[in-house]
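# Observations on the three-dimensional arrangement
This is what each chain is made of:
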Amino acid sequence: MAAQPDTAVFELLESNVRSYCRSAPLVFTRAKGPHLFTEDGRRILDFFSGAGALNYGHNDEAMTEALVSHLRSGGVLHGLDLYTATKRDLLHTIQDCLLTPRGWDYKVQFCGPTGADASEAAIKLARKVTGRRGILAFNGSYHGMTAGALAVSGARRLRAYGSPGANAETTFVPYENSMYGPFDSLAHLDRLVEEAGSAFELPAAVIVESVQIQAGVFAASAEWLRGVREWTERHGVLLICDEVQSGCGRAGDFFAFDHAGIVPDIVTTAKSISGNGLPMALLFMKRELDVWEPGEHTGTFRGNQLAFITAKIALEYWQNEEFRQHLAENASALDGFARQATQLDAPVKLRWTGMLAGIDFGLGNLDAAARAQALCLDAGVLVERCGPNGEVVKLMPPINTPTDVLTEGFTAVLDVIPKAI
Ligand SMILES: Cc1ncc(COP(=O)(O)O)c(C=O)c1O
């Protein structure tokens, strides 16, 4: 029998709050591309991608080279928001790779390095711009763990220890689709405003994920996203698109709302925006919304120069036709996998878009989903679960995984699904 990994000190000293390690109780030492390696020599295919922070895989060669060279040259590591040559390079790349191709006249805010801080900044900015307090969010949403971000996140359990005051300022509306079925959110939004007996007051902003991943992988339709954009414009409400998990290629395009052709007022990004998992979060806002006074939303760790270096390389990949072609091939392989999975003799539903799939074992049927997750790990594939209670196995491989490796992983997952029922 293989020796058990030595995890005693984690159990002794690390807080009970730890979570992902519980379903993957291995000890990892190295990582390369789509693979993680354990200290006892197992090779694990990473279909979790650091919860969306590793869309370009682990330790990308070009990024590693650039990091080592910066470190060896004595380059600045921590820069607060001082001007550095590294940040200047990144801003030029953002302009060339993201803003100019979309015709966006946006400004860029460097936030504290988490998605939650980008949510906080977006909410505060919307309040400052509009002079209103309320935020409209969607059931099932997830925008981070700080009090303001939790207030616009749809999980009761998580919000319980947040701020009651902030919680009270959010109006929740069901999303276009969920584990509880489809909903006509757009009609509901109209009713909120039009009914004389409604207590609803126009909010500062609507905050929305174009794909609700934590809710169980629900991708909004282009029509719905355009409807939300139209409603917000009609009522002078700002539209914040949270691209923290769904962005950076996860849904197929760079932004998950790209297919809808909408132009949000504010876009939040984190996770894979840095390219290789280094902490960094950015907020993009229409130029006229940049009404911040200096230092009004600050933070010590807004100047992670190493993240700037890798972010620049990652953004440049989007200019590369081969990279885009490979992504399209991988998305097509994922589409093939999902179609095959729907044919299995197993009571599961598949939802997928781009490089993201959810295998839904049914509301309340978390045991089967947990079994599937454990069996995947036995078969050498790391996956996570999402959905209201963890009923959905979520597949998020690095978007640039070699297609044959991707297919190997899909074959293993197809084999696991019926065994988990
Ligand atoms: C959609 C979305 N927004 C915000 C966050 C918060 O990001 P972070 O964990 O970096 O604070 C997450 C994290 O999973 C997320 O999925």
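Definitions and limits used
- Residues numbered from 1 in each chain as written.
- Predicted model: local features only at pLDDT ≥ 70, side-chain atom pairs only at ≥ 80, totals over all residues.
- Heavy atoms only, no water.
- Helix = DSSP H or I, 4+ residues; strand = E, 2+ residues; numbered from the N terminus.
- Buried < 20%, exposed > 50% of the residue type's maximum accessible area, 1.4 Å probe, protein only.
- Contact = heavy atoms within 4.5 Å.
- Areas by Shrake-Rupley, 256 points an atom, 1.4 Å probe, with all protein chains shown as cover.
- Lys, Arg positive; Asp, Glu negative; His and termini not counted.
- Charge placed at Lys NZ, Arg CZ, Asp CG, Glu CD.
- Near = heavy atom within 4 Å.
- Polar contact = N/O pair within 3.5 Å; in protein donor to acceptor, adjacent residues only side chain to side chain.
- Phe/Tyr/Trp six-rings, centres within 6.5 Å; stacked < 30°, edge-to-face > 60°.
- Lys NZ or Arg CZ within 6 Å of the ring centre and 35° of its normal.
- Pairing = 2+ DSSP bridges.
- Axes fitted to C-alpha atoms, helices over the stretch in contact; angles between N-to-C directions.
- Salt bridge = Lys/Arg side-chain N within 4 Å of Asp/Glu carboxyl O.
- Parallel < 35°, antiparallel > 145°, perpendicular 65-115°, else oblique.
- Left-handed = near helix turned anticlockwise from the far one by under 90°.
- Nonpolar A, V, L, I, M, F, W, Y, C, P; charged D, E, K, R; others polar.
- Domains from an automatic or database assignment.
- Buried area = accessible area lost by both parts, 1.4 Å probe.
- Core = buried A, V, L, I, M, F, W, Y, C linked by side-chain atoms within 4.5 Å.

Attention now goes to the overall build of the chain. When you go through the chain residue by residue, the secondary structure sums to 15 helices and 17 strands. The principal-axis extents of the C-alpha atoms in the chain amount to approximately 65 × 55 × 45 Å. Per-residue burial over the chain gives 52% buried out of 421 residues. Within the chain, contacts between residues separated by at least 24 positions form 71% of all contacts whose residues are at least 6 apart in sequence. A total of about 18,800 Å² of accessible surface is found on the chain, and carbon and sulfur atoms cover 53% of it. Positive and negative charge centroids in the chain, built from 37 and 49 side chains respectively, lie 3 Å apart.

Turning our eyes to something else, we now look at the site of the ligand. Around the ligand, the surrounding shell consists of Thr114, Gly115, Ala116, Tyr142, His143, Gly144, Glu209, Asp242, Val244, Gln245 and Lys271. Between the ligand and alanine 116 there is a distance of 2.9 Å, counted from an oxygen atom to a backbone nitrogen or oxygen. Interatomic distance of 2.8 Å between a side-chain N/O atom of glutamine 245 and an oxygen atom of the ligand. With the chains in place, 83% of the 390 Å² that the ligand exposes on its own is no longer accessible.

Below, the discussion takes up the packing of aromatic side chains. Counted under the stated rule, the structure contains 19 aromatic pairs. With a centroid separation of 5.1 Å and 65° between ring planes, the pair formed by tyrosine 20 and phenylalanine 48 is classed as edge-to-face. Here the residue tyrosine 20 occupies a position in helix H2 (residues 20–23), and phenylalanine 48 occupies one in the loop between strand E3 (43–46) and helix H3 (49–52), the gap between them amounting to 28 residues. Residue class for tyrosine 20 comes out partly exposed when judged on its relative accessible area of 46%. Overall, phenylalanine 48 belongs to the buried group, its relative accessible area being 8%. Each residue in the set Tyr56, Trp104, Tyr106, Phe254, Phe255, Phe257, Phe284, Tyr317, Trp318 and Phe323 is aromatic and connected to the rest through ring pairs, giving one cluster. Taking the ring centre of phenylalanine 37 as reference, the NZ or CZ of arginine 30 above it sits at 4.5 Å. In this arrangement the basic side chain of lysine 87 is found over the ring face of phenylalanine 110, its NZ or CZ atom lying 5.0 Å from the centre.

Here we come to the sheet that holds strand E14 (residues 356–360). By way of backbone hydrogen bonds, the strands of a sheet pair with one another, either parallel or antiparallel. Here we have four strands laid out as an open sheet, ordered E13-E14-E17-E16, and antiparallel in their pairing. Sheet topology places strand E13 (349–353) and strand E16 (384–386) at the edges, where each strand pairs with a single neighbour. Across the sheet, the mean angle from the axis of one strand to that of its neighbour is 30°, orientation sign disregarded. Taken together, the five bridges between E13 and E14 define a ladder with antiparallel strand orientation. Its bridge partner being in E14, threonine 353 is matched across the sheet by leucine 356.

Taken together, the three bridges between strand E2 (residues 35–38) and E3 define a ladder with antiparallel strand orientation. Along E3, the bridge assignment pairs phenylalanine 37 with arginine 43. As consecutive antiparallel partners, E2 and E3 are separated by four residues, and within that stretch glycine 41 has a phi angle of approximately 90°, a positive value.

Take the pattern of salt bridges next. Scanning the model with the defined rule gives 18 salt bridges in all. A salt bridge links arginine 127 to glutamate 169, with the shortest nitrogen-to-oxygen separation between them at 3.3 Å. Placement of the pair is arginine 127 in helix H6 (residues 115–130) and glutamate 169 in the loop between helix H9 (164–168) and strand E6 (170–173), with a sequence separation of 42 residues. When its relative accessible area of 23% is taken as the criterion, glutamate 169 is described as partly exposed. Sharing partners across several salt bridges, the network here consists of Arg229, Glu233, Asp265 and Lys286.

Turning our eyes to something else, we now look at the packing of helix H5 (residues 85–102) against helix H12 (residues 305–317). Running from N to C, H5 and H12 point in directions that differ by 25°, and their axes come no closer than 9 Å. Taken together, H5 and H12 sit at an angle that is classed as roughly parallel. Pair H5 / H12 crosses with left-handed handedness. Counting all contacts with H5, which are made through Thr86, Lys87, Asp89, Leu90, Thr93, Ile94, Cys97 and Leu98, the residues of H12 involved are Gln305, Phe308, Ile309, Ala311, Lys312, Leu315 and Glu316. Residue composition of the contact of H5 with H12, by class: eight nonpolar, three polar and four charged.

When the domains of the chain are assigned, the result is domain 1 (8–60 + 321–420) and domain 2 (76–317). The straight-line distance from the C-alpha centre of domain 1 to that of domain 2 is 25 Å. Each side of the interface is counted separately: domain 1 has 30 residues, and domain 2 has 25 residues. With both chains or domains summed, domain 1 and domain 2 bury close to 2,400 Å², and 56% of this area falls on carbon and sulfur atoms. Among the residues of domain 1 in contact with domain 2, Tyr56, Arg351 and Leu356 are the three that bury the most area, contributing 25% of the side total. Linking domain 1 with domain 2 are zero salt bridges. At the surface where domain 1 touches domain 2, the tally comes to 17 residue pairs in polar contact (both at pLDDT 80 or more). Listed by contribution, the elements that provide at least two residues to the side of domain 1 that touches domain 2 are H3, helix H13 (321–343), E13, E14 and strand E17 (392–395).

With that settled, consider the nonpolar core. Judged by nonpolar contacts, the single largest core of 93 residues is most densely connected at Tyr56, Phe254, Phe284, Phe337, Ile359, Phe361 and Leu395. Top contributing element to this core by residue count: helix H15 (residues 403–420), with nine residues. Composition of this core by domain shows at least three residues from each of domain 1 (8–60 + 321–420) and domain 2 (76–317). If we skip the residues at most four places from it in the chain, phenylalanine 337 touches Leu350, Ala357, Ile359, Leu395, Phe410, Val413 and Leu414. Membership of the second largest hydrophobic core comes to 23 residues, among which are Ile123, Ile207, Leu238 and Trp292.

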